[in-house]
Amino acid sequence: MEINAQSRTLSRLHLHSQQVILDNQQPGGGYLACPVMPDYQFSWFRDGAFIAYALALDGLHNMVPHRVGMSGQWDSALKFHQWSARIINERAAALERTIQRAALDQPLVLTDTLNARYNDEGTVGPSDWPEFQLDGPGLWVWSLAKYVEVARIHPLPVAWMNAIDIVVRYLAAVWQTPCYDCWEERGDAIHISTLAAIYAGLGAAARLVPSLEVEPTRAAIRAYILQHGLTPDGELAKSVGLDLVDANLLMAALPEDGLLTADDPLMRRTVARIERDLLAEGYGVHRHVEDTYYGGGPWVLLGLWLAWYKTQVGDRATARKLVAWAEAHADAEGNLPEQINDVMFDPTRYEGWVKLRGEIANPLLWTHAEYLIVQYALRTATS
Ligand code: BGC
């Protein structure tokens, strides 16, 4: 889709972000995580959820002309949500088996769970990928609720209601099972960011389908986090039993159905430690202190995510600095990468990843999505 002069007031990077996302949506509705990195030629529920969320917001103010009555952004988000619902519904029988096994206290069977990523046609990737990640389906429902709200979808398509229903029962059945986190690491642990994504997804589900009973699970997740998910100093912990934070804990303050409000003291303490431990000189944000993926550089998407958080607590000045840092790391074409390599936690680990996977993913659609989200947040923040 050609994005033209409809929005002369938008920056080049804003227009390019729209373009990169729309260009890399697949015919079935999935988004390639990154068009050039071979391992990223899939659509992740997590990346897609943030991308569709960004498009839902961006479509409100900066409509890309597409066809009568619908912006290009909303049309794209719609296709992603249809794709996600289809993938989930096609696996309903497997997910039901998982739900039943959980009720009988039987062990999880991985082939009966949802993968983190799928090909556009709905097939799975190589079996050595850490696919069991529970944040993705939660984030999908959270993102869907935003789309439904802005695009005023009523009544909900039956396929979406079915998919939401099965996701809710699946997540309620397995949320306490260790899984890989949103960085696809530590598959033997329970991650607070993952629980926060599930929590938000369940809340959104109940707004979409009020007959769904989500409150008992939400209350159990919240109580579990407060009991097992804090560091000795009272921050949210990266995972149960770890005295570490991870920038992915920003997930706890997702707007609308998040676990915590952005200004909750627990969230503020957590972000203060993220800033102490993970904010790089000049404003990039590392994932966690043990990160060695591509040397463990700062992630552009996390700098933007922190900027988004800052708008939620009224600190637009810091948000702007973080955005400026991200903008400075766009390449000549305006592509925003996943991470950068000018400061790394462990530079000795950089080359090994380049040999294995190629250069750092660039452009990363999720980073461009965070850019659009922050643009929206800066425009609408009240203070
Ligand atoms: C990241 C994930 C992301 C995936 C695709 C991985 O390297 O750890 O968070 O979903 O790339 O962008």
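No experiment lies behind these values; they were computed from the predicted model shown.

### Here we look at the site of the ligand
Around the ligand lies a shell of 13 residues, among which Tyr40, Arg46, Asp47, Cys182 and Trp183 are the nearest. Here an oxygen atom of the ligand and a backbone polar atom of Cys182 are 2.6 Å apart. Within the backbone of Trp183, a nitrogen or oxygen atom sits 3.5 Å from an oxygen atom of the ligand. Residues belonging to the shell around the ligand are distributed by class as follows: eight nonpolar, no polar and five charged.

### Quick word on the packing of helix 6 (residues 158–174) against helix 7 (residues 192–208)
At a minimum axis distance of 10 Å, the contact between helix 6 and helix 7 shows a crossing angle of 140 degrees. Every pair of crossing elements has a handedness; the one defined by helix 6 and helix 7 is left-handed. In this structure, helix 6 contributes Ile164, Val168 and Leu171 to the contact, and helix 7 contributes Ile198, Leu202, Ala205 and Leu208. The class makeup of the residues in the contact of helix 6 with helix 7 is seven nonpolar, no polar and no charged.

### Overview of the pattern of salt bridges
Per the counting criterion, the structure on display carries 26 salt bridges. In this structure, Glu215 engages Arg218 in a salt bridge whose closest nitrogen and oxygen atoms are separated by 3.4 Å. With Glu215 and Arg218 both in helix 8 (residues 215–228), this residue pair falls three residues apart, about one helical turn. Overlapping salt bridges, with partners in common, bring together Glu235, Asp243, Arg273, Arg276 and Asp277 in one network.

### Side note on unusual backbone geometry
Here His154 and Pro155 are connected by a cis peptide whose omega angle stands at 0 degrees. Looking at the element boundaries, Pro155 is found in the loop between helix 5 (135–151) and helix 6. Although it is not a glycine, Tyr283 adopts a positive phi angle of roughly 90 degrees. Checked against the element boundaries, Tyr283 lands in the loop between helix 9 (265–278) and helix 10 (300–312). On the basis of relative accessibility, which here comes to 29%, the residue Tyr283 falls in the partly exposed class.

### Overview of helix 8
Here helix 8 contains 14 residues, and its C-alpha end-to-end distance of 20 Å stays within 8% of the 20 Å for a straight helix at 1.5 Å per residue. On its buried face, helix 8 sits against helix 6 and helix 7.

### Regarding the nonpolar core
By size, the foremost hydrophobic cluster in this structure holds 130 residues, and its most contacted members are Phe50, Trp140, Ile164, Trp305 and Trp308. If you tally residues by element for this core, the top one is helix 7, at 11 residues. Beyond its immediate stretch of four places on either side in the chain, Trp305 contacts Phe50, Leu250, Met251, Leu254, Trp366 and Glu370.

### A short note on the packing of aromatic side chains
For the structure on display, the rule yields 22 aromatic pairs. Ring centres of Trp44 and Trp129 lie 6.2 Å apart, and the angle between their planes is 65 degrees; this geometry places the pair in the edge-to-face category. Pair noted here: Trp44 is in strand 1 (residues 43–44) and Trp129 is in the loop between strand 2 (117–118) and helix 5, with a separation of 85 residues, a long-range link. Grouping residues by exposure puts Trp44 and Trp129 together as buried.

### Observations concerning helix 12 (residues 350–357)
When helix 12 is considered as a whole, its buried residues turn out to be Tyr350, Val354 and Arg357. Axial view of helix 12: buried residues confined to an arc of 95 degrees, hence all on one face. Of the exposed residues in helix 12, those oriented more than 90 degrees away from the buried face are Lys355 and Leu356. Following helix 12 by one or two positions, Gly358 adopts a phi angle in the positive range, close to 95 degrees.

### Things to note about the packing of helix 5 against helix 7
The geometry of a pair of packed helices is captured by two quantities: the angle between their axes and the separation between those axes. Interhelical geometry of helix 5 versus helix 7 gives an angle of 40 degrees and a closest axis separation of 7 Å. Our classification of the angle between helix 5 and helix 7 gives oblique. Here helix 5 runs over helix 7; the crossing is left-handed. From helix 5, Asp135, Gly138, Leu139, Val141, Trp142, Leu144, Ala145 and Val148 reach across to helix 7, where they touch Thr194, Ala197, Ile198, Ala200, Gly201, Ala204, Ala205, Arg207 and Leu208.

So, how was this worked out
- Residues numbered from 1 in each chain as written.
- Predicted model: local features only at pLDDT ≥ 70, side-chain atom pairs only at ≥ 80, totals over all residues.
- Heavy atoms only, no water.
- Near = heavy atom within 4 Å.
- Polar contact = N/O pair within 3.5 Å; in protein donor to acceptor, adjacent residues only side chain to side chain.
- Nonpolar A, V, L, I, M, F, W, Y, C, P; charged D, E, K, R; others polar.
- Axes fitted to C-alpha atoms, helices over the stretch in contact; angles between N-to-C directions.
- Helix = DSSP H or I, 4+ residues; strand = E, 2+ residues; numbered from the N terminus.
- Left-handed = near helix turned anticlockwise from the far one by under 90°.
- Contact = heavy atoms within 4.5 Å.
- Salt bridge = Lys/Arg side-chain N within 4 Å of Asp/Glu carboxyl O.
- Buried < 20%, exposed > 50% of the residue type's maximum accessible area, 1.4 Å probe, protein only.
- Expected span 1.5 Å × (residues − 1).
- Core = buried A, V, L, I, M, F, W, Y, C linked by side-chain atoms within 4.5 Å.
- Phe/Tyr/Trp six-rings, centres within 6.5 Å; stacked < 30°, edge-to-face > 60°.
- Arc of directions from axis to C-beta.
- Parallel < 35°, antiparallel > 145°, perpendicular 65-115°, else oblique.

Limitation: the analysis is restricted to geometry and does not speak to function.
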